[in-house]
Amino acid sequence: MANLTDAGKRLFLGRAMRSENLAETELPKKIALPVFASDALSSNAYATQEILLVLSLGGAALLSQFSPWIALGVVIIYFVVVASYRQNVHAYPSGGGDYEVVTKNLGERAGIVVACALLVDYVMTVAVSIASATQNIGSAAPSVNRHLVLVSVVLILVVTFMNLRGVRESGIAFAIPTYAFIVAIFSMVFYALIRIGQGATIEAESANWEIKPEATFSGLALVFLLARAFSSGTTALTGIEAVSNGVPAFKKPKSKNAATTLLLMGVISMSLFASLTWLALYTKVKVGERAEDLIGLP
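Residues numbered from 1 in each chain as written. Predicted model: local features only at pLDDT ≥ 70, side-chain atom pairs only at ≥ 80, totals over all residues. Heavy atoms only, no water.

A. Broad picture of the nonpolar core. Within the largest apolar cluster, 53 residues are counted, with the highest numbers of intra-cluster contacts made by Phe36, Leu55, Tyr78, Ile240, Leu262, Met265 and Phe273. Among the elements of the structure, helix H2 (29-42), helix H3 (47-55), helix H4 (60-91), helix H8 (167-197), helix H9 (219-233), helix H10 (242-245) and helix H11 (254-282) are those that each provide at least two residues to this core. Among the elements that take part in this core, H4 stands out by supplying 11 residues, more than any other. Ignoring sequence-local partners within four residues, the contact set of Leu262 consists of Val82, Tyr85, Arg86, Val89, Ile240 and Val243. (Core = buried A, V, L, I, M, F, W, Y, C linked by side-chain atoms within 4.5 Å. Buried < 20%, exposed > 50% of the residue type's maximum accessible area, 1.4 Å probe, protein only. Helix = DSSP H or I, 4+ residues; strand = E, 2+ residues; numbered from the N terminus. Contact = heavy atoms within 4.5 Å.)

B. Summary view of H9. Between its first and last C-alpha, H9 extends 21 Å over 15 residues, near the 21 Å set by a 1.5 Å rise per residue. Regarding H9, the residues found buried are Leu222, Leu225, Leu226, Ala229, Ser232 and Gly233. End-on, the buried residues of H9 take up no more than an arc of 120°, which puts them together on one face. Facing away from the buried side of H9 by over 90 degrees, the exposed positions are Leu220, Val223 and Phe224. Next to the buried residues of H9 lie H3 and H4. (Expected span 1.5 Å × (residues − 1). Arc of directions from axis to C-beta.)

C. Examining the confidence of the model for the protein chain more closely. This prediction gives the protein chain a mean pLDDT of 80; 84% of its residues lie at or above 70. Here strand E2 (residues 294-295) stands out as the element of the protein chain with the lowest mean pLDDT, 53, in contrast to H11, whose mean of 90 is the highest. Segment residues 19-23: pLDDT under 50, and 1 contact once partners within four positions in sequence are set aside and those in other chains are kept. (pLDDT = per-residue confidence, 0-100.)

D. Spatial organisation of a nonpolar patch on the surface. Side chains of Trp69, Leu72, Ile76, Ile77 and Val80 sit close together on the surface and give an oily, nonpolar patch of about 510 Å² of accessible area. For Val80, the location among the structural elements is in helix H4. Of the residues examined, Val80 reaches a relative accessible area of 49% and is grouped as partly exposed. (Patch = residues over 30% accessible without salt bridge, like charges linked within 9 Å, V, L, I, M, F, W, Y side chains within 5 Å. Areas by Shrake-Rupley, 256 points an atom, 1.4 Å probe, with all protein chains shown as cover. Salt bridge = Lys/Arg side-chain N within 4 Å of Asp/Glu carboxyl O.)

E. Highlighting the side chain of Ser255. In this structure, Ser255 sits in helix H11. Taking relative accessible area as the criterion, Ser255 reaches 16% and is therefore assigned buried. Contacts of Ser255, omitting those with residues within four sequence positions, involve Val89, His90, Pro93 and Val247.

F. Spatial organisation of the packing of H3 against H11. Where H3 meets H11, the axes come as close as 9 Å, and the angle between the chain directions of the two elements is 45°. With respect to their mutual orientation, H3 and H11 come out oblique. As H3 runs across H11, the sense of the crossing is right-handed. The residues of H11 that touch H3, namely those facing Ala47, Thr48, Ile51 and Leu52, are Phe273, Leu276, Thr277, Ala280 and Leu281. When the residues that make up the contact of H3 with H11 are grouped by side-chain class, the tally is 7 nonpolar, 2 polar and no charged. (Axes fitted to C-alpha atoms, helices over the stretch in contact; angles between N-to-C directions. Parallel < 35°, antiparallel > 145°, perpendicular 65-115°, else oblique. Left-handed = near helix turned anticlockwise from the far one by under 90°. Nonpolar A, V, L, I, M, F, W, Y, C, P; charged D, E, K, R; others polar.)

G. Focus on the packing of helix H6 (residues 108-140) against helix H7 (residues 148-164). The N-to-C vectors of H6 and H7 enclose an angle of 125°; their axes lie 9 Å apart at closest approach. Classified by the interaxial angle, the pair formed by H6 and H7 is oblique. Taken as a pair, H6 and H7 cross one another with a handedness that is right-handed. Residue-level inspection shows Val126, Ile130 and Thr134 of H6 in contact with H7, the latter providing Leu148, Val151, Ser152, Leu155 and Ile156. Counted by class, the contact of H6 with H7 contains 6 nonpolar, 2 polar and no charged residues.

In structure tokens form, the structure reads like this:
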């Protein structure tokens, strides 16, 4: 029974390591980036869509008029947060992140509140990211749409299994899809720029659809709608704190490497976000919460 238990632990958790060998698990920046920045990078798959969904409540005019400014606001707040965390990784290099900062400055109870909020945040991040991933898969392979819940559960189990193997092992496994995601997005944008440079007209499939506005927004109602669109767009900030939580996992000098990784994450993530938002607006993408919100939907 003991041998069977040990075999199971090795399967799910990997081989046991001596404390003096833990340096082998420390991550270089090229592996740490996909490990700790995967949440922040993957959120670009739906952040732009969330902005467009909210603004579509006011019709196409609001969509074209305010989307660029809201996206700019998201970019600005993103780099403000990244700059803040770059200071944190130097001031609190033990890896406590927000929990450690709040506990040391405001007390243990406040730290526990923050820790609880982070746990809820991580659960929501997994749920939203996996749901978005399965929907994207379903758009490419419609047969998947009949089994969205099953596919989502399987993907969560795969991600859980890979993380149980350890930071370095999961980092190597996640590096390929993360870098492939970055290359795919930039390749799409670059291809669009080439087509535009050649004089081609590129439009989304939904470009000629019309959005049925829910109401006419003005005054405080408009301000509330724009604030809601901005808050929805800030889903692009998901996972920024992961780097500050994982400073001990970096190779030495740990704080310096963590700060560099944060900067790289910010530049790449916001480049993806800005590129996707520009491309969506240029190709006149139309989205709606419900099918009946769009006229011309086949």
